[in-house]
Amino acid sequence: MVSPAPKIAVENLRLSYGHKEVLHGISFTVAPREILGVIGPAQSGKTSLLRCINRTVEFTPGAVMTGTVRVDGEDVMRVPDVYGLRRKIGMVAPLPVGLPLTIYDNVAFAPRCAGVTDPAELDARVERCLRQAALWEEVKDRLDTLGTKLSGGQQQRLTIARALSHDPEILCLDEFSIAIDPVTTMRIEDVLKELRAHVTILLVTNLTQQARRLADRTMFLWNGNIVEIGPTEEIFSDHPKDRRTFEYVNGIFG
Amino acid sequence: MNPPPVRQARSALSLWGERAIEWIIRLCGISAVIFVFSIFLFVFLEGAPLIPDLNWIQVIFSPEWYPTSRSNVRYGVGAMIIGTLSVTGLAMLFAVPFGLGAAVFVSEFCGGRLKETLKVVIEMLAAIPSIVWGFIGLSVMNHLIQTWLPAPVGLNLFNAALLLALMSVPIIVSIGEDALKAVPDSYREAALALGATRWQTVYRVLLPAARNGLLAAVLLGVGRAIGETMAVLMATGHAVNIPTSLFDPIRTLTATIAAELGETAVGSPHYRMLFLIGLMLFSITFVVNLLADLAVRGVRRQ
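Please read all numbers here as calculations on a predicted model, not as lab measurements.

Asks: Explain helix H1 (residues 46-53) of chain A here, please?
Replies: Residue and element names in this part refer to chain A. With 7 of 8 residues buried, H1 lies mostly within the body of the structure. For H1, the complete set of buried residues consists of Lys46, Ser48, Leu49, Leu50, Arg51, Cys52 and Ile53. Where H1 terminates, the next one or two residues include Arg55, which has phi positive at roughly 60°.

Here you go:
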């Protein structure tokens, strides 16, 4: 069987902030339309890894990245249009950052930056994305209030809607359910399952069961190294390749 | 062994000490209000005796300023009000776009050494004494204007407005830059992560987010321009005249006070009239600040 060209290919990626190296040369690939779960304890480099993929890591002074990250075969450090690259990737940060704009403008922000001006199309997009993020019903009557006035969980869903607003081919979710109640989380997880039809998803999560529910494959990242990457059933089985994986997944990591 | 328990009760001295400090701090806060009110009161009391003797419609609208006339004294400050407003307005027309643009550039588009250098230079620009600006206006700027622009011989409105613009730009830049710097980096990162370019980030996110601070920057620039005395005294031509073109000489309220107060007898009507002009300046700045406050509130409600 010939495997399809990977959507994301990370090769020997090293990242350091000043003198502190946080990713110690990791390599993995993500296939198109795959959900890759990324689990691991705090400080293991999960968020930094996502920031390397859409190159937002370069806004941190002192961050030095070596190795290559390829998206669709293109080295992200050499793409001619980094804005286009970032538009290809939807990113949801763990702490929601509502832009100081109205709810509508928050969601319409990326399409507008990409040059969409038709009001009808913007309206449709905003509604679709807010529905996908399970927020539409709560905010449909006050789209012109400030996004920053929403509650923490609502802002989190607003950032999800925003990440979907520019039809990304890759969705990077970093702890998206951190401030969202379980029922709403399940609704969003259902949406993610639908999105799998045409979007590649990187799901960073502290809820190992969430990775188990959603991910095709799961990667266990620890201290900037990949401990194990494999099919989710295997990672969560009683006999993963590495004993540490078993211990982490079962909550007896010491 | 257990550490000794923390004593719960505090000594009377420490309680009184704290109360005293609280009062001192309160006094510092209130003193600002006291100063403003007492200055206002002083200016008002010096000018007040003349108020009932004046024909206010004539004072405000008439351009006839003959405070020392023997037969027919007229205190019309209309021309000076228009002079002050026009020179300030024209200055802001130059200074606001230029100052805000420079603030955006310094804060968002340049980095490292260039940024530090620019900030130092801009602060130096703010530190140039206004008499030096006036001097530049008289000797350099006026010469350039006479040479390159279709201006009649003499000092004029345009010259003074350029000076005022140059004087307010550093204030607008440094306060505007602070306002932009106060916008959390997470906004920038979020916007850029959504594929916005740097300029899109600036005008779609940063400018709205820093709105209040930028408005404050502009208003401090306006305040500087309205209150400026020496440079406009030297560079406007100091002629009581309602300007009809950019190159007409004008006179401002501030320059009138500066030029004439030394020559009046204390307590004379002319002396009191100058204090009333001071009161008008007070009112103008008050109205500007009030409008700004309302604007900021309106923006917030939205």
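Asks: Mind showing me how you'd approach the sheet that holds strand S3 (residues 35-39) of chain A here?
Replies: The strands making up a sheet are joined through hydrogen bonds of the backbone, oriented either antiparallel or parallel. All names here are of chain A. With mixed pairing, 6 strands are arranged side by side in an open sheet as S6-S7-S8-S3-S9-S10. Every interior strand has two partners, whereas the edge strands, strand S6 (89-92) and strand S10 (225-231), have only one. Put simply, the sheet's adjacent strands are angled 15° from each other on average, direction ignored. Taken together, the 6 bridges between strand S9 (residues 217-222) and S10 define a ladder with antiparallel strand orientation. Within the sheet, the bridge partner assigned to Leu221 lies in S10 and is Ile226.

Asks: How do you make sense of the packing of helix H3 (residues 78-109) of chain B against helix H9 (residues 211-227) of chain B when you look at a structure like this?
Replies: Helices that pack against each other are described as a pair by the angle of their axes relative to one another and the distance between those axes. Residue and element names in this part refer to chain B. Contact geometry for H3 and H9: axes closest at 9 Å, N-to-C directions at 145°. Our pair here, H3 against H9, has a crossing hand that is right-handed. The segment H3 lies against H9, with Thr84, Thr88, Ala91, Met92, Ala95, Val96, Gly99 and Leu100 engaging Leu214, Val218, Gly221, Val222, Ala225 and Ile226. Of the residues assigned to the contact of H3 with H9, the class counts are 10 nonpolar, 4 polar and no charged.

How each quantity is defined
- Residues numbered from 1 in each chain as written.
- Chains lettered and ligands numbered in written order.
- Predicted model: local features only at pLDDT ≥ 70, side-chain atom pairs only at ≥ 80, totals over all residues.
- Buried ≥ 20, exposed ≤ 12 C-beta atoms within 10 Å, placed from the backbone.
- Helix = DSSP H or I, 4+ residues; strand = E, 2+ residues; numbered from the N terminus.
- Pairing = 2+ DSSP bridges.
- Axes fitted to C-alpha atoms, helices over the stretch in contact; angles between N-to-C directions.
- Left-handed = near helix turned anticlockwise from the far one by under 90°.
- Contact = placed C-beta atoms within 7 Å.
- Nonpolar A, V, L, I, M, F, W, Y, C, P; charged D, E, K, R; others polar.

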